[in-house]
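Chain by chain, the residues:
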Amino acid sequence: MTFTTHTIDREKLKRLADVAVKVGLNLQPGQELVMTAPVEALPLVREITEAAYEAGASLVTPLLSDDEVTLARYRSGTSDGFDTAPGWLYEGMAQAFEKGAARLAIKGDDPALLAGRNPDHVGRAAKAMSAASRPALNHIANFRINWNIVSWPGLAWARQVFPHLAPEAAQAALADAIFKASRVDQGGAVEAWRAHNATLAERAAWLNGNRFDALHYTGPGTDLTIGLADGHAWVGGETEARNGVICTPNIPTEEVFTTPHAERADGYVRATKPLSYQGTLIEEIEVRFEGGRITEARAASGENVFRTLLDNDEGARRLGEVALVPHRSPISDTGLLFYNTLFDENAASHIALGQCYAECFEDKTLSKEEVAQRGGNSSIIHVDWMIGSAEIDIDGITADGTRVPVMRSGGWAQG
Ligand code: ZN
Ligand code: ZN
């Protein structure tokens, strides 16, 4: 393997590392850091490690993975082996988190790595992995610790986003797009992120202050009313983890989001961007909701995959997230489809089918049952898809029926 990092701007990479450590993690002096990354992302791993020690980290432990190593298992591993996952590793990670370590993940792997591999092996390996990683993942999902995800322009990923460019040019172009989307293309990136987080917090506060009962979306192919969960809260940007550290889990992030009511979505909606799901592109999705449940679904391509997705469980046909994202942002301005949810869901207003977020309630200590009583959906899936564009208007509707403009032509209606 060759590192083609001379195509990637060193200064901007340093800024991304700085933003990941200071804003994303808000790493505390004396805190340990556990980092996972593709081996290809080593230049960013090194920059982040440097920034973490400068911020006072007691120990940085990187764990590297490699696409070729992963593929070797599918080429040459015995079928019996695919139920094995390194539970010991995740138990160790969980131990580190219990002792106060922060967690950083660098993403950038090939989105289509396992396409064409034996689906039985892929499925069993994924199942074993999700069971084994649960002790560690619980800390992340429940926000017990500060954590962050940033991206590296992996070569295979870059070639999927820019299929018409030569490999090195594609990687340079993806690096450029990641830097822009992550708001590190200019100096003062940490300050820019603090300002951006303040804006997201203001939006969330405005939405919370209005106490909307429902949102009404109108536009081409769309007339949809989404009821919001009882006692829902809008959140966005920074989050206070249960260890008291205020972190920004996703870099980039543009969304303000909350939990819809699983039984109160009615009308029809047309997706405004293709959905990239497990290596399949699902295009021109159109669905009808009745009483919160999808009762009709169509897609111009990938319809079978979309139907399989909906049939995962009862909650897979219902909404678990509603997110507002202005049509114009550094991500949407790139005009790219990234085939990566972290980027694509931050380019347009979206909804997600499946599991809701328990932290999107005013009361942060709700049990699973209490979340369900308030209308929070549950499912084994959580899949975001884009329904926002410059042609979509959104009104907030309060309990007494008052309508307030929330978004007009894809932008915030209030300034
Ligand atoms: Zn979202
Ligand atoms: Zn989501």
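Residues numbered from 1 in each chain as written. Chains lettered and ligands numbered in written order. Predicted model: local features only at pLDDT ≥ 70, side-chain atom pairs only at ≥ 80, totals over all residues. Heavy atoms only, no water.

Brief notes about the coordination of the zinc ion (ligand 1)
- Every protein donor of the zinc ion (ligand 1) is accounted for by Glu 255 (OE), Glu 321 (OE), Glu 345 (OE) and His 350 (NE2), and the metal-donor separations fall at 1.9 to 2.5 Å.
- Mapped onto the polypeptide sequence, the residues donating to the zinc ion (ligand 1) form the spacing pattern E-x65-E-x23-E-x4-H.
- A distance of 3.3 Å spans the gap from the zinc ion (ligand 1) to the zinc ion (ligand 2), which Glu 321 bridges by coordinating each metal. Residue Glu 255 is found in the loop between strand 9 (246-247) and strand 10 (256-258), and its partner Glu 321 is found in strand 16 (residues 319-324); the two are separated by 66 residues along the sequence.
- When its relative accessible area of 1% is taken as the criterion, Glu 321 is described as buried. (Donors = N, O, S within 2.8 Å, 3.2 Å for Na, K, Ca; no water. Helix = DSSP H or I, 4+ residues; strand = E, 2+ residues; numbered from the N terminus. Buried < 20%, exposed > 50% of the residue type's maximum accessible area, 1.4 Å probe, protein only.)

A word on the nonpolar core
- Core analysis: the biggest nonpolar cluster contains 62 residues, and Leu 33, Leu 44, Ile 48, Leu 104, Ile 106 and Val 150 have the highest contact counts within it.
- Considering every element that reaches this core, the biggest residue donor is helix 1 (residues 10-25), with eight residues.
- Split by domain, the residues of this core number at least three in each of domain 1 (10-181) and domain 2 (211-233 + 255-412).
- Discounting residues that sit within four places of it in the chain, Val 150 has contacts with Leu 16, Ala 20, Leu 44, Ile 48, Leu 104, Ala 105, Ile 106, Lys 107 and Ile 251.
- Leu 275, Leu 309, Trp 385 and Met 407 belong to the second-largest nonpolar core, a separate cluster that totals 42 residues. (Core = buried A, V, L, I, M, F, W, Y, C linked by side-chain atoms within 4.5 Å. Domains from an automatic or database assignment. Contact = heavy atoms within 4.5 Å.)

Concerning the side chain of His 350
- Looking at the secondary structure, you find His 350 in strand 17 (residues 350-354).
- For His 350, a relative accessible area of 0% translates into the label buried.
- Of note is the side chain of His 350, whose polar atom sits 3.0 Å from the side chain of Glu 255.
- A polar contact of 3.1 Å, which involves the side chain of His 350, links it to the side chain of Glu 321.
- With sequence-adjacent residues up to four places away left out, His 350 is seen in contact with Glu 255, Glu 321, Val 322, Ala 323, Val 325, Glu 345, Asp 384, Trp 385, Met 386 and Ile 387. (Polar contact = N/O pair within 3.5 Å; in protein donor to acceptor, adjacent residues only side chain to side chain.)

Section: the packing of aromatic side chains
- Counting across every chain of the model gives seven aromatic pairs.
- Grouping aromatic residues by their ring pairs yields a cluster made of Trp 157, Phe 338 and Phe 343. (Phe/Tyr/Trp six-rings, centres within 6.5 Å; stacked < 30°, edge-to-face > 60°.)

Overview of the environment of Ala 173
- Inspection of the secondary structure puts Ala 173 in helix 8 (residues 167-181).
- Take Ala 173: its relative accessible area is 22%, and that puts it in the partly exposed class.
- On a C-alpha basis, the gap between Ala 173 and Arg 211 in space is 42 Å, while along the polypeptide they are 38 residues apart.
- Not counting residues within four places of it along the chain, the set of residues in contact with Ala 173 comprises Phe 162 and Leu 165.

Some points on the sheet that holds strand 2 (residues 59-65)
- Pairing within the open sheet is parallel, and its four strands lie in the order 2-1-3-4. A strand with exactly one partner marks an edge of an open sheet, and here the two such strands are strand 2 and strand 4 (147-151). With direction set aside, neighbouring strand axes in the sheet form an average angle of 15°.
- As paired elements, strand 1 (residues 32-38) and strand 2 share seven bridges and run parallel to each other. Note on strand 2: the bridge partner recorded for Leu 33 is Val 60. (Pairing = 2+ DSSP bridges. Axes fitted to C-alpha atoms, helices over the stretch in contact; angles between N-to-C directions.)

Description of the coordination of the zinc ion (ligand 2)
- The coordination sphere of the zinc ion (ligand 2) contains the protein donors Glu 321 (OE), His 382 (NE2), Asp 384 (OD) and Asp 384 (OD), at a distance range of 2.0 to 2.6 Å.
- Viewed at the metal, the four donor atoms of the zinc ion (ligand 2) are separated by angles of 54 to 140°, and the geometry they form is irregular.
- Read in sequence order, the donor residues coordinating the zinc ion (ligand 2) give the pattern E-x60-H-x1-D. (Tetrahedral: all angles 85-135°; square planar, octahedral: opposite > 155°, others 65-115°.)

Concerning the pattern of salt bridges
- For the structure on display, the rule yields 19 salt bridges.
- A salt bridge links Arg 293 to Glu 314; the shortest N-O distance between them is 3.3 Å. With Arg 293 in strand 15 (residues 293-298) and Glu 314 in the loop between helix 10 (303-310) and strand 16, this pair connects stretches of sequence that are 21 residues apart.
- One network of salt bridges, with partners in common, ties together Asp 83, Asp 120 and Arg 124. (Salt bridge = Lys/Arg side-chain N within 4 Å of Asp/Glu carboxyl O.)

Observations regarding the sheet that holds strand 11 (residues 260-270)
- Read across the open sheet, the eight strands follow the order 15-14-11-6-5-19-20-21; overall the sheet is antiparallel. The outermost strands of the open sheet, each flanked by one partner alone, are strand 15 and strand 21 (411-412).
- By the bridge criterion, five bridges tie strand 14 (residues 286-290) to strand 15 in an arrangement that is antiparallel. By the bridge assignment for strand 15, Arg 288 is matched with Glu 296.
- Here helix 10 sits on the sheet in contact with strand 14 and strand 15, set at roughly 170° to strand 15.

A look at the domain arrangement of the protein chain
- Taken domain by domain, the protein chain comprises domain 1 (10-181) and domain 2 (211-233 + 255-412).
- Look at where the C-alpha atoms of domain 1 and domain 2 centre, and you get two points 27 Å apart.
- Residue-level contacts link 13 residues of domain 1 with 11 residues of domain 2.
- Interface area for domain 1 against domain 2, summed over the two sides, is near 1,000 Å², with a carbon-plus-sulfur share of 74%.
- The largest contributions to the domain 1 side of the interface with domain 2 come from Trp 157, Val 161 and Ala 181, which together make up 37% of the buried area. (Buried area = accessible area lost by both parts, 1.4 Å probe.)

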